Amino acid sequence: MRLSPFSGIYLTDPASMWRRILDDPAGVHHAEDLGLWLISRHEHVRRAFADAATFGNALTLAPVYEVCPEAMSVIMQLDAPPTTVAADPPVHPRTRRALRATFANTPDRVEAEYGAIVRRRVDQLVTRLVARQGRQVDLIPEFATELPLLVVLDILGVPEEDIGRIRGWADGQIALIWGQPDPEEQARLARGLLEFWHYCQELVRQRLDSGQLGDDFISRALAYRDDDDAVLSVAEVASLAFNLLVAGHETTAGLLAHALDQALSPAQRWRAIAADPLSVPAFVNETLRFAPAIDGWLRVTRRDVTLGEVTIPAGARCLLLIGAANRDPAVFAHPDRFDPHRSDGRDHLSFGHGPHFCIGAGLARLEATIALTRLATTIPGLRATPDQYRSYKPNVAFRAHRELLATVDIAGPADATTAREAASVEA
Ligand code: HEM
């Protein structure tokens, strides 16, 4: 079996590759072209996420391919200290404590601290879509990528006028680390990444120079550190902002894109959501399982490890195939069926597991739930353009739609009976 996360088939139909690896008796595959071990079983992926002593995080943000010397010389100048996904003990438990204290991460705190921001931004974007009545729109730039970026800027207290630059830098970072850019592009993206880091340092410096701390995340992190580097250094505050600006929007953009894609095809699902908004959280959860925004994530083995019958040597880069684990028949009944009513749906690994479990999971769920509910009830007739071809950007971690076309129709289904029928069809 020869499988590559950059093959044409993986970029158009990842589920068929997940099935092939899961069907292999080993469930582990060595992709020689990238030197990556692909791990597919739910049990193995869960263990790799949780077992920091065997599967280290330090190289999670290092490019998956050999970078050209020019790009490498720029990357070497990046002195952002690891604080989140690239941090291992003893640093990570300390920075994780800081993150938990300063970033809302339980459903109640998320609603209380970020609910109003999310609703305001959703309303703004839905109103803009309503103004396009009767027209075809691309929901990716017009909604899915825009909403989470605006929300995370608000939470961090970053000026909205910088949105274009931040989007470019964040997209560039994802392409540079987990994509397949040519050498010239690598050098350009690496320079962008360095600029992005300097920008985040400047955000922190401005707060310090002004002597005034507000209620935004950067201010909270500075207040938390209380001038004590042993708690959190100033560079670590900048690094947290640097990480959150990317983690907080590219991921949720993917969730919104996949949720809209699932909800609009077939059209009855959209009408069912409009008729029963309380069904949305379960719908969002099933989207996370079925089509995770991050479907592969990196770890490096710190010692030899045996998974099933395969021994992976120390120092090997492993791609944890979250998408495959979420369809492991050992855990999920009828795993290839999209079923928001399933009882085993909570066991998915889309937000990771263990010490690095996603700090933004609650925020991502809140954004997707409010966005879908508001869109479906305001534009119940929104319909996907038929027969459009789905393709994703070449990337081993982020599965991001290139486009998702739909026509705006605020009139909705012909009458209430249609909506009720749609709801019962879905049930
Ligand atoms: C659907 C949306 C999201 C998905 C699929 C997702 C996925 C993940 C995954 C798989 C991890 C684990 C990484 C690891 O174990 O190395 C993670 C960690 C993390 N996520 Fe998310 N994420 C999402 C949304 C967000 C949001 C909205 C934020 C913040 C605004 C965020 C911030 C983080 C941070 C800071 C970490 C690192 C935590 C640590 O290392 O302790 N994520 N996320």
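Above this text sits the structure in question.
Note on numbering: residues in each chain are counted from 1, in written sequence order. Local features in this predicted model are restricted to residues whose pLDDT is 70 or higher, and side-chain atom pairs enter the listing and the counts only when it is 80 or higher, whereas totals over whole chains, interfaces and linings include all residues. Hydrogens and water molecules were not included; the side-chain quantities draw on all heavy atoms of the structure.

**So, the overall build of the protein**
Inference 1: The numbering of helices and of strands both runs from the N terminus, where a helix is a DSSP run of H or I of at least 4 residues and a strand a run of E of at least 2. The helix and strand inventory of the protein stands at 18 helices and 10 strands.
Inference 2: For a compact globule the rule gives 2.2 Å times the number of residues to the power 0.38, and the radius of gyration it is set against comes from C-alpha atoms. Since a compact globule built from 427 residues should have a radius of gyration of about 22 Å, the 21 Å found for the protein is in line with a globular shape.
Inference 3: For the protein, the spread of C-alpha atoms along the three principal axes comes to 60 × 60 × 40 Å.
Inference 4: Considering the protein as a whole, with its 427 residues, one finds that 56% of them fall into the buried category.
Inference 5: By definition, residues are in contact when any of their heavy atoms lie within 4.5 Å. Considering only intrachain contacts with a sequence separation of at least 6, the fraction spanning at least 24 residues in the protein is 73%.
Inference 6: Note on areas: Shrake-Rupley, 1.4 Å probe, and residue coverage restricted to the protein chains presented here. Carbon and sulfur atoms make up 53% of the accessible area of the protein, which amounts to about 17,800 Å² in all.
Inference 7: One way to put it: in the protein the 44 positive side-chain charges average out to a point 3 Å from where the 55 negative ones average out. Relative accessible area decides the class of each residue, using a 1.4 Å probe on protein chains only: under 20% of the type maximum gives buried, over 50% gives exposed, and in between gives partly exposed. By the counting scheme adopted, Arg and Lys are positive, Glu and Asp are negative, and His together with the chain ends is not counted. A charged residue contributes its charge at one atom only: NZ of Lys, CZ of Arg, CG of Asp or CD of Glu.

**Observations regarding the coordination of the iron atom of the ligand**
Inference 1: Donors, by definition, are the N, O and S atoms found within 2.8 Å of a metal, the threshold being 3.2 Å for Na, K and Ca, and water is not counted, so a site can look incomplete. Just one protein atom donates to the iron atom of the ligand; it is Cys 358 (SG), sitting 2.3 Å from the metal.
Inference 2: If you trace the backbone, Cys 358 turns up in the loop between α16 (322–325) and α17 (361–378).

**Considerations on the sheet that holds strand β8 (residues 317–320)**
Inference 1: When DSSP locates at least two bridges between a pair of strands, those strands are taken to pair. Taken together, 5 strands build an open sheet; the order of strands is β1-β2-β8-β5-β3 and the sheet is mixed. Both edges of this open sheet fall to β1 (28–31) and β3 (55–56), since each of them pairs with a single strand only.
Inference 2: Note: strand β5 (residues 297–301) against β8, 4 bridges, orientation antiparallel. Bridge assignment links Arg 299 to a residue of β8, and that residue is Cys 318.

**What about the site of the ligand?**
Inference 1: For the ligand, the set of nearby residues contains 27 residues, the closest of which are His 92, Arg 96, Arg 299, His 356 and Cys 358.
Inference 2: Each polar contact in these results corresponds to two N or O atoms within 3.5 Å; when the atoms are within protein, one needs to be able to donate a hydrogen and the other to accept it, and residues that are neighboring in sequence are counted only if both atoms are side-chain atoms. Measuring from an oxygen atom of the ligand, one finds a side-chain N or O atom of Asn 57 at 3.2 Å.
Inference 3: Within the backbone of Thr 84, a nitrogen or oxygen atom sits 3.3 Å from an oxygen atom of the ligand.
Inference 4: Sorting the residues of the shell around the ligand by element identifies α5 (91–102), α12 (234–247), α13 (250–264), β5 and α17 as the ones contributing at least two each.
Inference 5: As a working rule, the residues Ala, Val, Leu, Ile, Met, Phe, Trp, Tyr, Cys and Pro are called nonpolar, Asp, Glu, Lys and Arg charged, and the rest polar, with Gly in that last group. In the shell around the ligand, the residues fall into 15 nonpolar, 10 polar and 2 charged. Being near a molecule or strand, for a residue, comes down to having at least one heavy atom within 4 Å of it.

**Here we look at the side chain of Gln 173**
Inference 1: Here Gln 173 shows up in helix α9 (residues 163–178).
Inference 2: For Gln 173, a relative accessible area of 9% translates into the label buried.
Inference 3: Beyond its immediate chain neighbours, meaning those up to four positions away, Gln 173 contacts Leu 193, Phe 196 and Val 246.

**What about the packing of aromatic side chains?**
Geometry of an aromatic ring pair is reported as the spacing of the ring centres plus the angle between the planes.
Inference 1: Within 6.5 Å between ring centres, the rings of Phe, Tyr and Trp (the latter by its six-membered ring) count as paired, and their orientation is classed by plane angle as stacked under 30 degrees, edge-to-face over 60, tilted in between. For the structure shown, the criterion picks out 13 aromatic pairs.
Inference 2: Taken together, a centroid distance of 6.2 Å and an interplanar angle of 70° make the contact between Phe 103 and Phe 217 edge-to-face. Of this pair, Phe 103 sits in the loop between α5 and α6 (107–130) while Phe 217 sits in helix α11 (residues 217–225), placing them 114 residues apart in sequence.
Inference 3: Owing to a relative accessible area of 3%, Phe 103 belongs among the buried residues under this scheme.
Inference 4: Overall, Phe 217 belongs to the buried group, its relative accessible area being 1%.
Inference 5: Ring geometry for Trp 169 versus Tyr 199: centroids 5.3 Å apart, planes at 50°, classification tilted. Of the two residues, Trp 169 is situated in helix α9 and Tyr 199 in helix α10 (residues 183–210); the sequence distance between them amounts to 30 residues. As far as burial versus exposure is concerned, Trp 169 and Tyr 199 are alike and both buried.
Inference 6: Ring-pair connections join several aromatic residues into one group, and the members of that group are Trp 169, Phe 196, Trp 197, Tyr 199 and Phe 242.
Inference 7: Over a ring means this: the NZ of a Lys or the CZ of an Arg is within 6 Å of the ring centre and within 35 degrees of the ring normal. Here Arg 327 stacks its cationic end above the ring of Phe 290, 4.0 Å away from the centre of that ring.

**Brief notes about the environment of Pro 266**
Inference 1: Along the chain, the position of Pro 266 falls in the loop between α13 and α14 (267–275).
Inference 2: For Pro 266, a relative accessible area of 40% gives the class partly exposed.
Inference 3: Sequence-wise, Pro 266 and Leu 11 are 255 residues apart; in three dimensions their C-alpha atoms are separated by 22 Å.

**Quick notes on empty space enclosed by the protein**
Inference 1: Site definitions follow a grid-based scheme: protein atoms alone, a 1 Å grid, a 1.4 Å probe that fits but cannot get out for cavities, and for pockets an open set with protein on both sides within 12 Å along at least five of seven lines, plus lining residues having an atom within 4 Å of a point. Grid points are joined across faces, edges and corners, and a volume is the space filled by probe spheres set on the points. Scanning the model with the defined rule gives 1 cavity of 30 Å³ or more in all.
Inference 2: Reported here for the largest cavity is a volume of approximately 830 Å³.
Inference 3: Forming the boundary of the largest cavity are 40 residues, of which Val 85, Ala 247, Thr 251, Ile 294 and Cys 358 lie nearest the centre.
Inference 4: Counting residues per element, the ones that place at least two in the lining of the largest cavity are α5, α9, α12, α13, β5 and α17.
Inference 5: Counting residues per element, the lining of the largest cavity draws most heavily on α12, at 4 residues.
Inference 6: In terms of residue class, the lining of the largest cavity is built from 24 nonpolar, 13 polar and 3 charged.

**Overview of the nonpolar core**
Inference 1: Counting 136 residues, the largest nonpolar core has Trp 178, Phe 217 and Ile 312 as its most contacted members.
Inference 2: Aside from chain neighbours lying at most four places away, what touches Ile 312 is Val 28, Trp 37, Ile 39, Thr 301, Arg 303, Asp 304, Val 305, Leu 307 and Cys 318. For our purposes a nonpolar core is just a set of buried Ala, Val, Leu, Ile, Met, Phe, Trp, Tyr and Cys residues, chained together by side-chain atoms within 4.5 Å.

**Looking at unusual backbone geometry**
Inference 1: The omega torsion across Pro 89 and Pro 90 is 5°, close enough to zero to call that bond cis.
Inference 2: Within the element layout of this structure, Pro 90 appears in the loop between α4 (69–75) and α5.
Inference 3: Note that the residue after Ser 265, namely Pro 266, is joined by a cis bond; omega there is 5°.
Inference 4: For Asp 226, which is not a glycine, the phi torsion comes out positive at approximately 50°.
Inference 5: Among the secondary structure elements, Asp 226 is positioned in the loop between α11 and α12.
Inference 6: Its relative accessible area of 61% is what places Asp 226 among the exposed residues.
Inference 7: Positioned with a positive phi, Asp 387 is a non-glycine residue whose angle comes to about 55°.
Inference 8: As for its position among the elements, Asp 387 is in the loop between β9 (383–384) and β10 (405–407).
Inference 9: The exposure class assigned to Asp 387 is exposed, which follows from its relative accessible area of 82%.

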